[in-house]
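Spelled out, the chains give:
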Amino acid sequence: MAEKFYLTTPIYYVNDVPHIGHAYTTIAADVLARYKRMMGFDVYFLTGTDEHGEKIWNAAGKNLDDTKKLVEEKVAGFISAWKILDISNDDFIRTTEKRHEEVVQKVFHKLLENGDVYLGEYEGWYCVPCESFWSLSELKEDPEGRKLCPDCGRETEVLKEESYFFKLSKYQDQLLAHIKANPDFIQPESRRNEILKFIEQGLRDLSITRTAFPWGIGVPDNPKHVIYVWFDALINYISALGWPDGEKFKKYWPADVHIMGKEIVRFHAVTWLCMLMALGVPLPKKVFGHGWWTVGGKKMSKSKGNVVDPLALSKEFGLDAVRYFLLREVPFGVDGDFSRNSFIKRYNSDLANDLGNLLNRTLNMVERYFNGVIPDPKNLLCFDEYSQRLVEGKKGIIKAQERDFEELSFSLILIGIWSYITLANVYIENQAPWKLAKFGETDKLGAIMYHLCFALSAIAYFVAPFMPETSQKIWQQLGLTGSPSENVDIIGVKVAKGDPLFPRIEVS
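Residues numbered from 1 in each chain as written. Predicted model: local features only at pLDDT ≥ 70, side-chain atom pairs only at ≥ 80, totals over all residues. Heavy atoms only, no water.

### Description of the pattern of salt bridges
Definition in use: Each reported salt bridge corresponds to a side-chain nitrogen of Lys or Arg within 4 Å of a carboxyl oxygen of Asp or Glu. In DSSP terms, a helix is any run of H or I states spanning at least four residues, a strand is any run of E spanning at least two, and both are numbered starting from the N terminus. Buried means the residue's accessible area, taken with a 1.4 Å probe over protein chains only, is under 20% of the maximum for its type, while exposed means over 50%, and partly exposed covers the values in between.
This structure, assessed with the given rule, holds 31 salt bridges. The shortest N-O distance in the salt bridge between lysine 250 and glutamate 247 comes to 3.6 Å. On the criterion of helical spacing, the pair formed by lysine 250 and glutamate 247 is a turn pair, its members being three residues apart in helix 9 (residues 247–252). Neither residue differs from the other here; lysine 250 and glutamate 247 are each classed as exposed. Between aspartate 256 and lysine 285 there is a salt bridge whose closest N-O contact spans 3.2 Å. Here the residue aspartate 256 occupies a position in the loop between helix 9 and strand 14 (257–261), and lysine 285 occupies one in the loop between helix 10 (265–279) and strand 15 (287–290), the gap between them amounting to 29 residues. The class of aspartate 256 is buried, set by a relative accessible area of 11%.

Given below as structure tokens:
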């Protein structure tokens, strides 16, 4: 039986259209899911939408029918975006689905019965856009004395209402011990240090219901309360699997990795874990908080007009170019700054020049010198240092990927693949096949062409999780059928040269 691998993105809040931040998280998860499938794992890849909360209620004019209509429109945008971006998720969970609502209410009821949820009164500072409560000490203050949210910088308001609370503080020591005993549990290390510092300052019980609006999942036996958006949303990771008795839950839980932006790590590494401890459910194996994409050093926002649309970018430059850029430009875990110039520069350098030219030059020579048929190397597999490096380099990359995918080191993996592409390009220059053809050194020329096609088949396999369409095009232009695989016999295959993979972008 194949080993399981369960990975998730956060469920995205439907107050916005999909932007490059959403795409970054989802593409990264997709790359990891595709790699694990290639390695033979039984993968379950979950994404979805978070559809409750005061922001949505207010945006729809505080009308139930209009709220439902708004939510449907927004959800359709996310579903469409993930299809366009070639996301291979196995499930899409919505917090308005019956399967989710039923599990949320079961969780609430169990924690209430256990004494981990209790009824009280909340008074504090609340940020509607972030759906977050803050203590006075956590708030920022502007020159006019307004209390500002430390996350989004917008004004908070004092909120006083009856509320159910979750005993977050009860699990502080247990959570702290778990994180300290498992150094790789929260990654990267900077996120882990932030969470440890936050916990060590002391956890307060968490208000988990609201009475000021009706848009949410009702509390069992007390319908004037709706369950607070984060408590509701985090449960999606087990509601999608049918907790507590569903076959998928028994098969796939615990999650192998939760992937998210750094701004919501605290909810996943503190609130969610304490909820699971209270339920007696095993904890996920890893929580990974990646960095933000900025534009010109500034955080993207609709008000600034600097939001990058991944769909428009994909339409202009091709989907695989976008997927490559996002995961190659900066290490996964630190912030990156997006600019059109940096995108075009990397496209032309890495994709058009390095990879595209390698494929084009190699297939041109196979057609010119061997009538388009990949030649037999005539027992000259290791006739020189560079040929050996191409053969051994493939093995080295496969081994390195096993380690680097576990660390979600996507940029490091791509750097390794591109070093192999560079090696193949250098191989052409050093061996100068055109000179061998001129002097009739057919056997040596055949060995060189074989090794270049061997390298391209390896590259197609390496890039498959990152650039699935490009991978398949390389494979097909090599004349191979099916999906790119680790081992394939290419001798005697007739190549089928096609259009350039990445036509160079001319900058005026």
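### Quick look at the domain arrangement of the protein chain
Rules: Segmentation into domains, and thus their bounds, comes from an automatic or database assignment. The contact definition used throughout considers only heavy atoms, calling two residues in contact when any of these lie within 4.5 Å. Simply put, the buried area is the total loss of 1.4 Å probe accessible area from both parts when two parts are fitted together.
Domain assignment breaks the protein chain into domain 1 (4–116 + 167–290), domain 2 (117–166) and domain 3 (349–494). In this structure, domain 1 and domain 2 have C-alpha centres spaced 21 Å apart. Each partner contributes to the interface: domain 1 provides 37 residues, whereas domain 2 provides 21 residues. The largest per-residue losses of area from domain 1 upon contact with domain 2 belong to Lys55, Ser207 and Arg210, which jointly make up 21% of the total buried on that side.

### With respect to the pairing of strand 8 (residues 157–166)
Worth spelling out the cut-off: Strand pairing requires that DSSP identify at least two bridges connecting the strands.
Looking at chain direction, strand 4 (residues 117–127) and strand 8 are connected through ten bridges and run antiparallel. From the neighbouring strand, glutamate 121 faces strand 8, where its bridge partner is glutamate 162. Here strand 8 pairs with strand 10 (residues 206–207) via two bridges, running antiparallel. Note that in strand 10 the partner of phenylalanine 165 across the bridge is serine 207.

### Observations concerning unusual backbone geometry
Between glutamine 187 and the following residue, proline 188, the backbone shows a cis peptide bond with an omega angle of -5°. Looking at the element boundaries, proline 188 is found in the loop between strand 9 (186–187) and helix 6 (189–200). The step from tryptophan 253 to proline 254 runs through a cis peptide bond, and the omega angle for that step is 10°. When you line up the elements, proline 254 lands in the loop between helix 9 and strand 14. Of note in this structure, asparagine 371 is not a glycine but carries a positive phi near 55°. Note that asparagine 371 resides in the loop between helix 13 (340–370) and helix 14 (385–406). By relative accessible area, which is 63% here, asparagine 371 ends up exposed. For leucine 408, which is not a glycine, the phi torsion comes out positive at approximately 55°.

### Points about the packing of helix 14 against helix 17 (residues 442–463)
The condition that has to hold: A fitted line through C-alpha atoms serves as each axis, taken over the contacting stretch for helices, and the angle formed by two N-to-C directions is quoted from 0 to 180°. Note on angle classes: values under 35 degrees are labelled roughly parallel, values over 145 roughly antiparallel, values of 65 to 115 roughly perpendicular, and the remainder oblique. Under the scheme applied, nonpolar residues are Ala, Val, Leu, Ile, Met, Phe, Trp, Tyr, Cys and Pro; charged residues are Asp, Glu, Lys and Arg; polar residues are all the others, including Gly.
With their axes 10 Å apart at the nearest point, helix 14 and helix 17 run at an angle of 10° to one another. In terms of their interaxial angle, helix 14 and helix 17 are classed as roughly parallel. For the pair helix 14 and helix 17, contact is made by Ser387, Leu390, Val391, Lys394, Ile397, Ile398 and Gln401 and by His451, Phe454, Ala455, Ala458, Tyr461 and Phe462, respectively. Taken together, the residues of the contact of helix 14 with helix 17 break down into nine nonpolar, three polar and one charged.

### Brief notes about helix 1 (residues 20–38)
The test is simple: Each residue after the first adds 1.5 Å to the expected span of a helix.
In this model helix 1 runs 26 Å from its N-terminal to its C-terminal C-alpha over 19 residues, within 8% of the 27 Å that 1.5 Å per residue would give. Where burial is concerned, most of helix 1 is hidden: 16 out of the 19 residues are buried. In the segment just after helix 1, glycine 40 is the residue with positive phi, at about 95°.

### Some words on the sheet that holds strand 11 (residues 209–210)
Strand pairing in a sheet relies on backbone hydrogen bonds, with the paired strands running either antiparallel or parallel. Spatial ordering of the open sheet is given by 11-13-12, a layout of three strands whose pairing is antiparallel. Of all strands in the sheet, those bounded by a partner on one side alone are strand 11 and strand 12 (218–219). Sheet topology note: the strand 11/strand 13 (residues 222–227) ladder contains two bridges and is antiparallel. Looking at strand 13, one finds that threonine 209 is bridged to isoleucine 227.

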